[in-house]
Amino acid sequence: MKNYYLIFVAAIMLLCVQISVNAADFVLTVTGGTGSGTYASGAVANIVADVAPSGQVFDRWVFNNGTPVLGSIYNATTSLTMPASVVAITALYMPDGPYLDDCDALVSANGTWNPAATLALNTTDMVQGTGCLENNVPAGTTSSSQFSKTFPTAINTGVSAATGVLRLRYWVENAALLGANLSIELRSGSTADINEYQWNIVKANVVNGWNNFNLRFSAIVLAAGNVPDLTAITWFRIYSSGFTAGLKAKLDGIMVLEPTLTKVDPVITWTNPADVLVNSTLGSTQLNATSNIGGTLVYNPLSGTALTVIETKPLSVTFNPANLHAFCYNTVTKTVDIKVVETLSAIDNPTESTFSMYPNPLKSGGVVNFKVDGTENYDVKIMNMNGQTVYTAKLNSSHTLNVNGILKQGVYIVSLVSNTSTRNQKLFVE
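Values in this document were obtained by computation on a predicted structure and should not be read as measured data.

## Comments concerning the environment of Tyr412
If you trace the backbone, Tyr412 turns up in strand E33 (residues 410-417). Classification of Tyr412 as buried rests on a relative accessible area of 8%. With 29 residues separating them along the chain, Tyr412 and Met383 place their C-alpha atoms 5.6 Å apart. Those residues within four positions of Tyr412 in sequence are excluded, and the remaining contacts are Ile382, Met383, Asn384, Val390, Leu407, Gln425, Lys426, Leu427 and Val429. A polar contact of 2.9 Å, which involves the side chain of Tyr412, links it to the backbone oxygen of Lys408.

Laid out in C-alpha cells, this is it:
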C-alpha cells in the first residue's frame, strides 16, 4: 500500500511540473507560413514561408509582435528562438522584377561590372535568376569599391523620388570586415558625386549572409543643386571605406520600383500614464512609448506642454520606422488618455476610511448620509472619474446631502475638506 501511495504522489508531482511548464509556454503565430504553435521561452521553432505567389519572391520575415531571435530574417526557411512573450511574425513577398540589373552576367548589353580583376559569376548561390556577382577581395587590395557599373544607355526607372525604392540583395561572409558603413550609390550623368543618391548603411545593420535592402529615395537629403534624374540612371556602385582585406561579398537582383506590398503594423507599447496634477508639464514619465523595431517617436502634445485644464486628455504618438524598415512597416499612431486632476490624493487614496457614507452604492436621485469623526466644519466636493468637480456644498448639521438630479449612474470621488485635512472616498451611484 505504501508503494502505491508513493507512486500516486510522484504522479501528482509530475503532473504539477507539467502544468507549471505549460503555464510558461507562449503562442507563436506565423502568417504566410508554417511553424505556429505553443513554445516555452528559449525553445527553437522551425518556420517556413509559403510558396511565393505568382510573379513574386520571398523578401523577409517581419515581426507583428514580440522580439524573437531569428536565424535570418531573409531566409524563407529559418529557426526562431522564442522570447518570454507571445510572438506574431509574417512572411513578406516582393515582385520578381523588373530589374535594373539581374546580376546574371559580368558583361552584358547594359555594361560591364567592375572591378573586373576580382569579380566572378557565381551560378550556384544566387537568390534569383541564373547567377549572382561574387567579389573575393584579396589581401593587399586598397580599393574600397566592391561592385560598380556604368550603364552605356541611360535607364528610365519609371519611379518617383517621393515613393520609389532601390532594392537589392547583398551577401557578405563576415560583416565585421566592413568599414563603418556599407555605401550604395545611384546617379544620373557622368560626374562623380553629382546628381547622385548615396545611402550609408551602418555596419550594425548588415548581417552575415544575404541582406535584402529596401532603400527609399525620399530618405536621402539632397544638397542644393544635386538633383538625380530617375529617368536617366547611368551609374551604380557599392563600396565600403575602411574595409579589411579578405572581404567576400555577393550581389544579386537590383531593382528600382514603386513598392506595392501590404505593409505590417509595428507594435507600439504605451499604456495610459498615471494621473497628473493640473498645471504640470508633460515629460518622459508620460511620453514613454516603445516599439518592437527601430524608428522615431513624435508626440502630440510635445514634451514640456503645460496641462492647465482639469480633464481627461488624449495623448498621441506617431511612430515612423527607420529607413531600412520603412518599406515593410507602416507608420502607426497610437493614442492613450491621461487624467489631469486638481489633487492626486483624490485618486491615490480613494478608499480612505476617515468617514463613511451610506447608502453606498446610492440609488440615483437619493439622499447620501455622512458619518464623520470630530467636530470640524467640512466642505463637500464630488468629482467624477475624469477629475471634474460636479457638486460642492457645505456639510450641514444633519450630515445629509440630497443629490437628486445631480449624480448620474457611475463612480465618484467624494472629498470632505476642512481647515486641517482632506478626506476622500469613492461613491457608487446605481
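## Here we look at the environment of Tyr391
Position of Tyr391 among the secondary structure elements: in strand E31 (residues 389-394). Note: C-alpha distance between Tyr391 and Val403 (twelve residues apart in sequence) is 8.7 Å. With residues near it in sequence (within four places) discarded, Tyr391 still touches Val380, Lys381, Ile382, Leu401, Asn402 and Ile406.

## Observations concerning the packing of aromatic side chains
A ring pair, where both rings are aromatic, is described by two values, the distance of the centres and the angle of the planes. Scanning the entire structure with this criterion turns up eight aromatic pairs. Look at Phe58 and Tyr93: their rings are 6.0 Å apart centre to centre, the planes differ by 80 degrees, and that puts the pair in the edge-to-face class. Of this pair, Phe58 sits in strand E5 (residues 56-65) while Tyr93 is found in strand E8 (residues 87-95), placing the two residues 35 residues apart along the sequence. Grouping residues by exposure puts Phe58 and Tyr93 together as buried. Arranged with centres 5.5 Å apart and planes meeting at 55 degrees, the rings of Trp199 and Phe217 form a pair that is tilted. Placement of Trp199 in strand E16 (residues 196-202) and of Phe217 in the loop between strand E17 (209-216) and strand E18 (233-239) is noted, with a sequence separation of 18 residues between them. Considered together, Trp199 and Phe217 belong to a single accessibility category, that of buried residues. An aromatic cluster of three or more residues is present, and its members are Phe58, Trp61 and Tyr93.

## A word on the side chain of Asn212
Relative to the helices and strands, Asn212 is located in strand E17. Look at Asn212 and you get buried, because its relative accessible area is 5%. A polar atom in the side chain of Asn212 sits 2.4 Å from the backbone oxygen of Asp59. Among all residues touching Asn212, those that are not within four sequence positions of it are Phe58, Asp59, Arg60, Tyr74, Leu168 and Arg169.

## Examining the sheet that holds strand E28 (residues 355-358)
Backbone-to-backbone hydrogen bonds pair the strands of a sheet. The strands run either parallel or antiparallel. With antiparallel pairing, the three strands of this open sheet are ordered in space as E28-E29-E32. If you trace the sheet from one side to the other, it starts and ends with E28 and strand E32 (400-402), each paired once. Each adjacent strand pair in this sheet contributes to an overall mean axis angle of 20 degrees, direction not counted. Across four bridges, the pairing between E28 and strand E29 (residues 367-372) is antiparallel. Looking at the pairing, Met357 lines up with Phe370 of E29.

## Thoughts on unusual backbone geometry
Of note, the amide linkage connecting Gly97 to Pro98 takes the cis form, showing an omega dihedral of 5 degrees. In this model, Asp193 sits at a positive phi of 65 degrees, which is unusual for a non-glycine residue.

## Thoughts on the layout of surface pockets
Unfilled space is identified by rolling a water-sized probe across the atoms. Taken as a whole, the largest pocket encloses approximately 230 Å³ of empty space. Asn200, Ile201, Leu215, Asn323 and Leu324 are the residues nearest the centre of the largest pocket, which is lined by 14 residues in total. Elements represented by at least two residues in the lining of the largest pocket include exactly E16 and E17. Residues belonging to the lining of the largest pocket are distributed by class as follows: eight nonpolar, five polar and one charged. The volume enclosed by the second largest pocket comes to roughly 190 Å³. Lining the second largest pocket are Arg60, Ile73, Tyr74, Ala204, Asn205, Val206, Val207, Asn212, Phe213, Asn214, Leu324 and His325.

## Comments concerning the pairing of strand E14 (residues 165-172)
Most of E14 sits inside the fold, with eight of its eight residues counted as buried. Alternating positions in E14 separate into two faces, Val165, Arg167, Arg169 and Trp171 on one and Leu166, Leu168, Tyr170 and Val172 on the other, with burial throughout. Bridging between E14 and E17 involves eight bridges; their strand directions are antiparallel. Counterpart to Val165 in the pairing with E17 is Arg216.

## Quick notes on the sheet that holds strand E21 (residues 276-277)
As summarised here, the arrangement of the four strands in space is E21-E27-E26-E24, forming an open sheet in which the pairing is mixed. At either margin of the open sheet sits one strand with a lone partner, and together these are E21 and strand E24 (295-300). Relative to strand E27 (residues 332-341), strand E26 (residues 311-321) runs antiparallel, the two sharing nine bridges. Paired with Leu315 across the strands is Val336, a residue of E27.

## Digging into the pattern of salt bridges
For the structure shown, the criterion picks out six salt bridges. Residue Lys250 is joined to Asp125 by a salt bridge in which the shortest nitrogen-to-oxygen separation is 2.9 Å. Note that Lys250 is positioned in strand E19 (residues 248-257) and Asp125 in the loop between strand E11 (119-122) and strand E12 (132-136), a separation of 125 residues in sequence. Lys250 gets classed as buried once you look at its relative accessible area, which sits at 7%.

## Concerning the environment of Pro115
Here Pro115 is to be found in the loop between strand E10 (111-114) and E11. Residues Pro115 and Ser145, spaced 30 residues apart in sequence, show a C-alpha to C-alpha distance of 7.5 Å. The residues contacting Pro115, other than those within four sequence positions of it, are Asn135, Ser145 and Gln146.

Reading the values: rules and limits
- Residues numbered from 1 in each chain as written.
- Predicted model: local features only at pLDDT ≥ 70, side-chain atom pairs only at ≥ 80, totals over all residues.
- Heavy atoms only, no water.
- Helix = DSSP H or I, 4+ residues; strand = E, 2+ residues; numbered from the N terminus.
- Buried < 20%, exposed > 50% of the residue type's maximum accessible area, 1.4 Å probe, protein only.
- Contact = heavy atoms within 4.5 Å.
- Polar contact = N/O pair within 3.5 Å; in protein donor to acceptor, adjacent residues only side chain to side chain.
- Phe/Tyr/Trp six-rings, centres within 6.5 Å; stacked < 30°, edge-to-face > 60°.
- Pairing = 2+ DSSP bridges.
- Axes fitted to C-alpha atoms, helices over the stretch in contact; angles between N-to-C directions.
- 1 Å grid on protein atoms, 1.4 Å probe; cavity = no way out; pocket = protein on both sides within 12 Å on 5 of 7 lines; lining within 4 Å.
- Points joined across faces, edges and corners; volume = space filled by probe spheres on them.
- Nonpolar A, V, L, I, M, F, W, Y, C, P; charged D, E, K, R; others polar.
- Salt bridge = Lys/Arg side-chain N within 4 Å of Asp/Glu carboxyl O.

All we've got here are geometric facts, nothing functional implied.
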